[in-house]
Amino acid sequence: MPLRTLGEVRSALLSGHASPGDREAFEADLQRALETSSETDLSAIAAVIVDYRGRIRLCQDPDFHIAVQEGVDLTALLKQLKGYS
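Everything numeric in this text was worked out from a predicted model, so none of it was measured.

(A) Expanded view of the overall build of the protein. Of the regular secondary structure elements, the protein holds 4 helices and 0 strands. Listing each helix as α and each strand as β along the protein from the N terminus yields α-α-α-α. Relative to the compact-globule value of 12 Å for 85 residues, the protein shows a C-alpha radius of gyration of 17 Å, a clear excess of over 25%. Overall, the protein is about 55 × 25 × 15 Å in size when its C-alpha atoms are taken along their principal axes. Put simply, 45% of the contacts in the protein that link residues at least 6 apart link residues at least 24 apart.

Structure, rendered in structure tokens:
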């Protein structure tokens, strides 16, 4: 998935190619960036698009899900060892 345009990023988010809540967060972040950007400086908007493009690509990486699960498992183990529930 190339993710070169705003439409492609939105489409990927709508298709569920990111973490839960990313679609709504993207629109809110994009709106804030639009409100604070000037007509000649759109770098905040570009930063939002680049950030979410990275999130989408990260979620498509099968190793990402393995690493997240390892972190969850390790956290649960550490809580057990410390006596937390």
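(B) Region of interest: the pattern of salt bridges. Evaluation of the coordinates by the stated rule reveals 5 salt bridges. In this structure, Glu24 engages Arg23 in a salt bridge whose closest nitrogen and oxygen atoms are separated by 3.1 Å. Asp51 is the partner of Arg55 in a salt bridge, and the nearest nitrogen-oxygen pair spans 3.1 Å. Pair noted here: Arg55 and Asp51 are both in helix 3 (residues 43-60), with a separation of 4 residues, about one helical turn. Connected via shared salt-bridge partners are Asp22, Asp51 and Arg55.

(C) Main features of the packing of helix 1 (residues 6-14) against helix 3. Where helix 1 contacts helix 3, the two axes come as close as 10 Å, and the packing angle between them is 40°. Relative to helix 3, helix 1 is oriented oblique. Pair helix 1 / helix 3 crosses with left-handed handedness. Facing helix 1, whose interface residues are Leu6, Val9, Ala12 and Leu13, helix 3 presents Ile49, Tyr52 and Ile56. Tallied by class, the residues present in the contact of helix 1 with helix 3 amount to 7 nonpolar, no polar and no charged.

(D) Expanded view of helix 1. Taken residue by residue, helix 1 has Val9, Ala12 and Leu13 as its buried positions. Projected down its long axis, helix 1 shows its buried positions confined to an angular sector of 100°, all on one face. On its buried side, helix 1 packs onto helix 2 (22-36) and helix 3.

(E) Focus on the packing of aromatic side chains. The final tally for this structure, using the stated rule, is 1 aromatic pair. Seen in terms of ring centroids, Phe26 and Tyr52 are 5.1 Å apart; in terms of plane orientation they differ by 75°. Their pairing is edge-to-face. Of this pair, Phe26 sits in helix 2 while Tyr52 sits in helix 3; the two residues are 26 residues apart in sequence, bridging distant segments of the chain. Looking at Phe26, the relative accessible area reads 0%, which means it is buried. The positively charged end of Arg55 is found above the aromatic ring belonging to Tyr52, 4.2 Å away from the centroid.

Calculation rules
Residues numbered from 1 in each chain as written. Predicted model: local features only at pLDDT ≥ 70, side-chain atom pairs only at ≥ 80, totals over all residues. Heavy atoms only, no water. Helix = DSSP H or I, 4+ residues; strand = E, 2+ residues; numbered from the N terminus. Rg over C-alpha atoms; globule rule 2.2 N^0.38 Å. Contact = heavy atoms within 4.5 Å. Salt bridge = Lys/Arg side-chain N within 4 Å of Asp/Glu carboxyl O. Axes fitted to C-alpha atoms, helices over the stretch in contact; angles between N-to-C directions. Parallel < 35°, antiparallel > 145°, perpendicular 65-115°, else oblique. Left-handed = near helix turned anticlockwise from the far one by under 90°. Nonpolar A, V, L, I, M, F, W, Y, C, P; charged D, E, K, R; others polar. Buried < 20%, exposed > 50% of the residue type's maximum accessible area, 1.4 Å probe, protein only. Arc of directions from axis to C-beta. Phe/Tyr/Trp six-rings, centres within 6.5 Å; stacked < 30°, edge-to-face > 60°. Lys NZ or Arg CZ within 6 Å of the ring centre and 35° of its normal.

From the geometry alone we can't say anything about function, so treat these as descriptive.
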